[in-house]
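Below, each chain spelled out in residue letters.
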Amino acid sequence: MDLAAFRALEPLCWRAPSAHNTQPWRLDHRGGEVRVGWDPAYALPASDPSGRDLRLSLGAFVETCLIVAADAGLRIRFVADHRVDDRRVGWLRPGPHRYDTPFDAAQVLTRRTHRGRFSAGPDAAVVAAVDAVARASGGAVRVVPDADLLGRLLRVADRWTYADPSVVRELRSWLRLTPAHPAYHADGLTDRCLGLSGREAAALRGALAAYPVLRRLGLPRLLAAASGSPLALGGAVLVLVGPPGTDDAGQVEFGRVLTRTWLTLHAAGLAAHPLSQLVDALATRDALGTLLGVAPQRLLHVARVGRPVGPAPPSARRVGGVGQGVR
Ligand SMILES: Cc1cc2nc3c(=O)[nH]c(=O)nc-3n(C[C@H](O)[C@H](O)[C@H](O)COP(=O)(O)O)c2cc1C
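Residues numbered from 1 in each chain as written. Predicted model: local features only at pLDDT ≥ 70, side-chain atom pairs only at ≥ 80, totals over all residues. Heavy atoms only, no water.

**Remarks on the overall build of the chain**
Secondary structure summary: the chain contains twelve helices and eleven strands in total. For 327 residues, the compact-globule formula gives about 20 Å, and the C-alpha radius of gyration of the chain, at 19 Å, lands near that figure. Taken along its principal axes, the extent of the C-alpha atoms in the chain is 60 × 45 × 40 Å. Looking at the chain as a whole, 51% of its 327 residues qualify as buried. Pairs at least 24 residues apart make up 74% of the contacts formed inside the chain by residues separated by at least 6 positions. (Helix = DSSP H or I, 4+ residues; strand = E, 2+ residues; numbered from the N terminus. Rg over C-alpha atoms; globule rule 2.2 N^0.38 Å. Buried < 20%, exposed > 50% of the residue type's maximum accessible area, 1.4 Å probe, protein only. Contact = heavy atoms within 4.5 Å.)

In structure tokens:
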């Protein structure tokens, strides 16, 4: 009964965040349970070869489903059961009670990645709150203390991103730099969400089209430099640290933790701007690990966090439309 009612809420569940906004999750209703799986065509093999961001995104989706169901009064629980051969992370099943969460569907709907200017970073109380969320699952949230080093690492990570043709090709396939793009309202990263003016979006389109020819002539360096430093836009950089020995199922669990930290920030009037390139590039991930005194494999996610000076545009979804409701 509760699972049948849950079906109507799925468009809201799709507001979950995912890397490059690929929305890789798939729900499959089977009798009295719902399989939570993924479609490999929506993974990011070039930029996320280990699948870390895929698993974080799937965990984010699971947590979002549970919050949305609880808000509607439905008794649904998640049973983790990560199986790569079946491309599933687990099952949504009828539960004895509503999922216990301080968050609600309105927060799911209004939370956004914010890539713009922040007037302030998180204060000590907010950092302690998100750290407590991660600690409850055996992890931690750490603030990166050295802004100068961070700036240097970000430049290295950006250059690394743009130096790899397969990563650039994959990014390009998820960029929606003009409203004329057929998938503009469905998925990917729009010019608006990236905060690009019409001229900037056109320049990036042109540069990416010329990439195969200009790559050896220094285009990767130019692209990295042209993207500017998000650190100049304010806020503090926070790292989500997993427990020692976090395995694939643990990364899915930490996708759930990631959602709880983002909703904790959102409830406090703050937002996150992920900088995954810092943990994608092994050199910068190692340097960050050394800086924080944490084994690099435990660094799961990095984001600039702060109080936005203005609203962020809503990102697209394949199901449920830009804000809400089924398209
Ligand atoms: C695991 C993960 C990694 C992400 N990495 C980045 C990133 O490196 N840079 C970025 O700008 N956004 C990143 N994002 C944010 C997504 O692009 C964003 O969630 C998606 O576009 C949907 O937008 P929304 O969060 O506003 O709903 C990441 C999100 C997730 C869940």
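**Considering the site of the ligand**
In the vicinity of the ligand there are 22 residues, among which Arg-111, Thr-113, Arg-115, Ser-276 and Arg-317 approach most closely. At a separation of 2.7 Å, an oxygen atom of the ligand approaches a polar side-chain atom of Arg-115. Within the contact set of the ligand, an oxygen atom lies 3.0 Å away from a side-chain nitrogen or oxygen of Ser-315. Contributing elements (two or more residues each) for the shell around the ligand: helix H3 (52–71) and strand S10 (271–274). In terms of residues, the shell around the ligand owes the most to one element, H3, which gives three residues. Looking at side-chain class alone, the shell around the ligand contains seven nonpolar, ten polar and five charged residues. (Near = heavy atom within 4 Å. Polar contact = N/O pair within 3.5 Å; in protein donor to acceptor, adjacent residues only side chain to side chain. Nonpolar A, V, L, I, M, F, W, Y, C, P; charged D, E, K, R; others polar.)

**Remarks on the pairing of strand S1 (residues 25–30)**
Inspection of the sheet shows S1 paired to strand S2 (residues 33–38) by six bridges, in the antiparallel sense. Bridged to Leu-27 within S2 is Val-36. The antiparallel hairpin formed by S1 and S2 contains two residues in its connecting segment, where Gly-31 sits at a positive phi of about 60°. (Pairing = 2+ DSSP bridges.)

**What to know about helix H5 (residues 124–135)**
Between the first and last C-alpha of H5 there are 16 Å, a value that for twelve residues agrees with the 16 Å anticipated at 1.5 Å per step. Looking only at H5, the buried set comprises Val-126, Val-127, Val-130, Asp-131, Val-133 and Ala-134. Relative to the axis of H5, the buried residues are bounded by an arc of 155° and lie together on one face. Residues of H5 that are exposed and point more than 90 degrees away from the buried face comprise Ala-124, Ala-125 and Arg-135. Close packing links the buried residues of H5 with strand S6 (140–143), strand S9 (236–241) and helix H10 (248–267). (Expected span 1.5 Å × (residues − 1). Arc of directions from axis to C-beta.)

**Comments concerning the confidence of the model for the chain**
Low-confidence regions, as indicated by low pLDDT, have predicted coordinates that should not be scrutinised in detail. Residues at a pLDDT of 70 or more form 96% of the chain, whose mean pLDDT is 94. Counting interchain partners and residues more than four positions distant, the pLDDT-below-50 stretch residues 322–327 has 14 contacts. (pLDDT = per-residue confidence, 0-100.)

**Structural notes on the sheet that holds strand S4 (residues 88–94)**
In space, the four strands of this open sheet follow the order S1-S2-S4-S3, with antiparallel pairing throughout. Each edge of the sheet is formed by a strand with only one pairing partner; in this case those strands are S1 and strand S3 (76–83). Pairs of neighbouring strands in the sheet enclose a mean axial angle of 25°, with direction left out of account. Across six bridges, the pairing between S3 and S4 is antiparallel. (Axes fitted to C-alpha atoms, helices over the stretch in contact; angles between N-to-C directions.)

**A few points about the side chain of Gln-251**
Secondary-structure assignment places Gln-251 in helix H10. With a relative accessible area of 11%, Gln-251 lands in the buried category. Excluding anything up to four places from it in sequence, Gln-251 contacts Arg-52, Arg-55, Leu-56, Thr-246 and Leu-300.

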